[in-house]
Amino acid sequence: MLDSQEAGVVILDVQASGNLVQLANCRLRFSLQQRQNRLGTHTHFIVEAIGTAPEGRGSSDTGTGPPVQARSVNLRDCGTIASNLKQGVLFRSSQLLSAAEVRQLHIRSVLDLRAVPQVCQNHVKQPSPGCCPCVVNPFAQPAKKNTQGLRELFIAPPSHCLACSEAFQEEHGHEALVYHASLVDSKLRLFIFGHVPMVVKLRTVLAPAMGTSQEAVMAPAIADGSKLGYGKLYRLILDHSQKEIAKALRVLSQEENLPVLVHCMHGKDRTGMVVMLVLLLCDNGPQAVLSDYVQSELQLRTARDSNQLPLASHLTTDAVVASSADIMQTTMDYMTQKWGSAAGYAQAIGITSTEISRIRMNFRKRQHPKT
């Protein structure tokens, strides 16, 4: 699910003398970064409505540090999903991780699908070696073939985030490389905000004045099919987060990153999308994807009902933690209709056939020839 910590920024220009009727007719302008306050006859409302909490913190970041998590929430070994998959190499989870379980699983790398923390974004203008893959990587471009079409150009894998890797080790007492692949980046956050009804936009803008948070407005709207819905969200991710999905798949294609833990906030939406692609690329059918996807709702509800889901209340409702098989099925149908298959989608976003083969080798059991 999405929250307000790392937000697409929407600047709403409203005449200072305007009233709520004029507000309903005002002009929305989207911006990827906060702008300086302007002087004049306009008042600027900075609306941070969509994003995710930074590593180790809940959605309502008070700066007091994360609570100790006794057990990881929504953690499971993807190798148990199907009989043709290796166990102990690919794990999925929410952001609520138990340090003891991280150490027990010997996690070597962490693929964080949430929006990139500000500490990493600070390096965007002046990138340093070993920092976030979201920082400019001249090699991380879609694959191209030479004129004969016989070879694919080599693409360097994403580099890990030095700052988050150090923070992860400090928090969990375990050394692991943290990679970022923000499946809901600033551009997509703007698309999401643009797709919700006007009444939701206005309620989001007015939320601080009404004594509530913007995420408390956006979270249920994203979960509500009449306003946006997870089906629409997943299609937007497939369409508009292709560079970040490619980055995630490249991290998973590197054998030296195993065992790898993939997570987002709840561990069901963005994580579910990446795991869906891996399962299909490893020759598993839709049923395997669906049986795994619906487990997230069961685990999240169990954690919530036992007071083991320390997130804001609007992020733990039945609608927000839902993972209906119908939603994922329609997502796979959409991908198949538009790109033909998971492999077709992967190739369309720049993943090479060699990288697909590496993913298969990393997570599929070796098939012995029949005698």
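Residues numbered from 1 in each chain as written. Predicted model: local features only at pLDDT ≥ 70, side-chain atom pairs only at ≥ 80, totals over all residues. Heavy atoms only, no water.

Moving on: the nonpolar core. Membership of the largest hydrophobic core comes to 67 residues, with the highest contact counts inside it found for Leu111 and Phe363. Tallying contributions element by element places helix α10 (residues 270–281) first for this core, with 9 residues. With sequence-adjacent residues up to four places away left out, Leu111 is seen in contact with Tyr179, Ala181, Ala248, Val251, Leu252, Val260, Leu261, Val262 and His263. Counting residues in hydrophobic clusters, the runner-up holds 13 residues, among them Phe91, Val110, Val116 and Ala176. (Core = buried A, V, L, I, M, F, W, Y, C linked by side-chain atoms within 4.5 Å. Buried < 20%, exposed > 50% of the residue type's maximum accessible area, 1.4 Å probe, protein only. Helix = DSSP H or I, 4+ residues; strand = E, 2+ residues; numbered from the N terminus. Contact = heavy atoms within 4.5 Å.)

Now for the sheet that holds strand β6 (residues 109–112). Pairing within the open sheet is mixed, and its 5 strands lie in the order β4-β5-β8-β6-β7. Looking along the sheet, the strands with just one partner apiece sit at the ends: β4 (76–77) and β7 (177–180). Of the pairings in the sheet, the one linking β6 to β7 comprises 4 bridges and is parallel in character. The residue of β7 that forms the bridge with Val110 is Val178. (Pairing = 2+ DSSP bridges.)

Further remarks concern the packing of aromatic side chains. Taken as a whole and assessed by the stated rule, the structure comprises 4 aromatic pairs. On the basis of an interplanar angle of 25° and a centroid distance of 6.2 Å, the ring pair of Tyr230 and Tyr234 is categorised as stacked. Taken together, the residues Tyr230 and Tyr234, both in helix α8 (residues 230–240) and 4 residues apart, mark about one turn of the helix. Aromatic pair Tyr334 and Trp339: ring centres 6.1 Å apart, planes at 80°, arrangement edge-to-face. We note Lys268 situated over the ring of Tyr230; from NZ or CZ to the ring centre the distance is 3.7 Å. (Phe/Tyr/Trp six-rings, centres within 6.5 Å; stacked < 30°, edge-to-face > 60°. Lys NZ or Arg CZ within 6 Å of the ring centre and 35° of its normal.)

Here we take up the packing of helix α9 (residues 242–253) against helix α15 (residues 353–363). Close contact between α9 and α15 brings their axes to 8 Å; oriented N to C, the two are set at 55°. The orientation of α9 with respect to α15, classified from their angle, is oblique. The two elements α9 and α15 cross, and the hand of that crossing is left-handed. Mapping the contact onto sequence places Leu249, Arg250, Leu252 and Ser253 in α9 and Glu355, Arg358, Ile359, Asn362 and Phe363 in α15. Classifying every residue of the contact of α9 with α15 gives 4 nonpolar, 2 polar and 3 charged. (Axes fitted to C-alpha atoms, helices over the stretch in contact; angles between N-to-C directions. Parallel < 35°, antiparallel > 145°, perpendicular 65-115°, else oblique. Left-handed = near helix turned anticlockwise from the far one by under 90°. Nonpolar A, V, L, I, M, F, W, Y, C, P; charged D, E, K, R; others polar.)

To continue, consider the environment of Cys264. Mapped onto the elements of the fold, Cys264 is located in the loop between β8 (260–263) and α10. Each C-alpha atom of the pair Cys264 and Leu113 lies 5.0 Å from the other, and the pair is 151 residues apart in sequence. Dropping the residues within four chain positions of it, Cys264 is found in contact with Ser93, Ser94, Gln95, Leu113, Arg114, Asp269, Arg270 and Thr271.

Scored by pLDDT, the protein chain has a mean of 79; 71% of the residues are at 70 or more. Under a pLDDT of 50 for its full length, residues 3–65 has, in the predicted model, 157 contacts with residues more than four places off or in other chains. Every residue in residues 123–151 is under pLDDT 50, and counting partners more than four places away or in other chains gives 46 contacts. (pLDDT = per-residue confidence, 0-100.)

So, about the packing of α10 against helix α13 (residues 325–339). It is the contact of α10 with α13, at a shortest axis distance of 12 Å, that shows an interaxial angle of 60°. With respect to α13, the axis of α10 lies oblique. α13 is crossed by α10, and the crossing has right-handed handedness. Counting all contacts with α10, which are made through Gly272, Met273, Met276, Leu277 and Leu280, the residues of α13 involved are Met328, Thr331, Met332 and Met335. Residues of the contact of α10 with α13, tallied by class, amount to 7 nonpolar, 2 polar and no charged.

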